[in-house]
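Next come the chains, spelled out residue by residue.
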Amino acid sequence: TIKACLFDLDGVLVDTAKYHYIAWKELADSLGFTFTEKDNERLKGVSRMASLDILLEIGGLSFDDAKKAELAQSKNDRYVEYITKMDSSEILPGALDFLKECRSAGIKVALGSASKNAMMILDNTGLTPYFDAIIDGNKTSAAKPDPEVFLLGAQALEARPEECIVFEDAEAGIEAAQRAGMRSVGIGSPETLGAADLVIASLEEMNTQRLGEFFASK
Ligand code: G6P
Ligand code: MG
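By the naming in an unreviewed UniProt entry, the chain is Beta-phosphoglucomutase, taken from Paenibacillus spiritus.

Structure, rendered in structure tokens:
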């Protein structure tokens, strides 16, 4: 039976991808190169420092660690300016209803996010009370596609990997779920998330009945 649902945050429960994009784009502009929305796909689910490395590679630039720390900090300062203004209107369609449904069905809920800003986002959008466990970028040492974040989530919920379902919008996150031995539901387009066990456009398409059918079929 399904014991736990593990949710990625950015792009699954809340619409923060746009703020990450704007903040990275501003950094790229200041360094003198163009960063497109297509480039941004590569940063989804990827940790802050690894994202910076990809960004600099796109710009054909390289810096020492001290300068890189400074650049990552300035991106984060901009990003935090946006997310401090977030409220519940930025919860993605279907997310809140599905979280509530999971809880009333007795399914445990955990967050599995790479973000070090996850707590602020959950608090500002009012989502914190829906979680039994919160694993974020401050609690992990290895970034997705490493399975650590989801394994820690399952452990906190006392669930075995085969009793868990991961909801992810990033390719790296789907791979992390697979490496953790968990079923995965991709939120987004089948083109990028083809590796997931099921792909849906948004959580509006999900409910506990459909989840049960999916779980039984995979
Ligand atoms: C999520 C986002 C990534 C972001 C990462 C780290 O996985 O999808 O785009 O880089 O979190 O977020 P942070 O808030 O710690 O910079
Ligand atoms: Mg995501």
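Caption draft 1: Seen up close, the overall build of the chain. A count of helices and strands for the chain gives 10 helices and six strands. Its C-alpha atoms give the chain a radius of gyration of 17 Å, within 12% of the compact-globule value 17 Å for 218 residues. Dimensions of the chain, computed from C-alpha atoms along their principal axes, come out at roughly 50 × 30 × 30 Å. Scored against the burial criterion, the 218 residues of the chain give a buried share of 41%.

Caption draft 2: Geometry of the site of ligand 1. Surrounding ligand 1, one finds 17 residues, the nearest of these being R48, A114, S115, K116 and N117. Its residues assigned to classes, the shell around ligand 1 comprises four nonpolar, nine polar and four charged.

Caption draft 3: Looking closely at the UniProt feature "binding site: Mg(2+)" (unreviewed entry) in the chain. Summarizing the sequence annotation, UniProt attributes the feature "binding site: Mg(2+)" (unreviewed entry) to D8, D10, E168 and D169 in the numbering used throughout. Spatially, the listed residues are clustered: although they cover 162 residues, their C-alpha atoms lie within 8.9 Å of one another. With respect to the element layout, D8 can be found in the loop between β1 (4-7) and α1 (17-31). The class for D8 is buried, based on 29 C-beta atoms found within 10 Å. In contact with D8, not counting residues within four places along its chain, are G45, G112, S113, F167, E168, D169, A170 and G173. Among the structural elements, D169 can be located in the loop between β4 (164-168) and α8 (171-180). The class for D169 is buried, based on 24 C-beta atoms found within 10 Å. If we skip the residues at most four places from it in the chain, D169 touches D8, G11, V12, K44, I187 and G188.

Caption draft 4: Looking closely at the packing of α1 against helix α3 (residues 48-59). For the pair α1 and α3, interaxial distance at closest approach is 11 Å and the crossing angle is 40 degrees. Taken as axis vectors, α1 and α3 run oblique relative to one another. Judged by the sense of rotation from one axis to the other, the crossing of α1 with α3 is right-handed. Contacts between α1 and α3 involve W24, L27, A28 and L31 from the first element and S51, L55 and G59 from the second. For the contact of α1 with α3, the per-class residue count stands at five nonpolar, two polar and no charged.

Caption draft 5: Geometry of α3. Between its terminal C-alpha atoms α3 stretches 17 Å, which fits the 16 Å expected from 12 residues at 1.5 Å a residue. Contact partners of the buried residues in α3: α1 and α4 (65-83). Count one or two residues on from α3 and you reach G60, which has phi positive near 65 degrees.

Caption draft 6: Focus on the sheet that holds strand β2 (residues 108-112). If you trace the six strands from one edge of the open sheet to the other, you get β3-β2-β1-β4-β5-β6, paired in parallel fashion. Each edge of the open sheet is held by one strand with a lone partner, namely β3 (133-135) and β6 (198-200). Across this sheet, the average inter-strand angle for adjacent strands is 20 degrees, counted without regard to direction. Taken together, the four bridges between β1 and β4 define a ladder with parallel strand orientation. Its bridge partner being in β4, A4 is matched across the sheet by C164. Helix α7 (residues 148-156) rests against β1, β2, β3 and β4 of the sheet, and its axis sits at about 160 degrees to β3.

Caption draft 7: Unusual backbone geometry, seen in detail. The omega angle of the peptide bond from K144 to P145 is 15 degrees, so this bond is cis rather than trans. For P145, the location among the structural elements is in the loop between β3 and α7. Located in the positive-phi region is E158, a residue other than glycine, with phi close to 55 degrees. Inspection of the secondary structure assignment puts E158 in the loop between α7 and β4. On the basis of neighbour counts, which here come to 12 C-beta atoms within 10 Å, the residue E158 falls in the exposed class.

Caption draft 8: How the structure looks around the environment of A66. Structurally, the position occupied by A66 is in helix α4. A residue is classified by how many C-beta atoms lie within 10 Å of it, and A66, with 8 of them, is exposed.

What counts, and at which threshold
Residues numbered from 1 in each chain as written. Chains lettered and ligands numbered in written order. Predicted model: local features only at pLDDT ≥ 70, side-chain atom pairs only at ≥ 80, totals over all residues. Helix = DSSP H or I, 4+ residues; strand = E, 2+ residues; numbered from the N terminus. Rg over C-alpha atoms; globule rule 2.2 N^0.38 Å. Buried ≥ 20, exposed ≤ 12 C-beta atoms within 10 Å, placed from the backbone. Near = placed C-beta within 6 Å. Nonpolar A, V, L, I, M, F, W, Y, C, P; charged D, E, K, R; others polar. UniProt positions renumbered as here; feature names shortened; annotations may be inferred. Contact = placed C-beta atoms within 7 Å. Axes fitted to C-alpha atoms, helices over the stretch in contact; angles between N-to-C directions. Parallel < 35°, antiparallel > 145°, perpendicular 65-115°, else oblique. Left-handed = near helix turned anticlockwise from the far one by under 90°. Expected span 1.5 Å × (residues − 1). Pairing = 2+ DSSP bridges.

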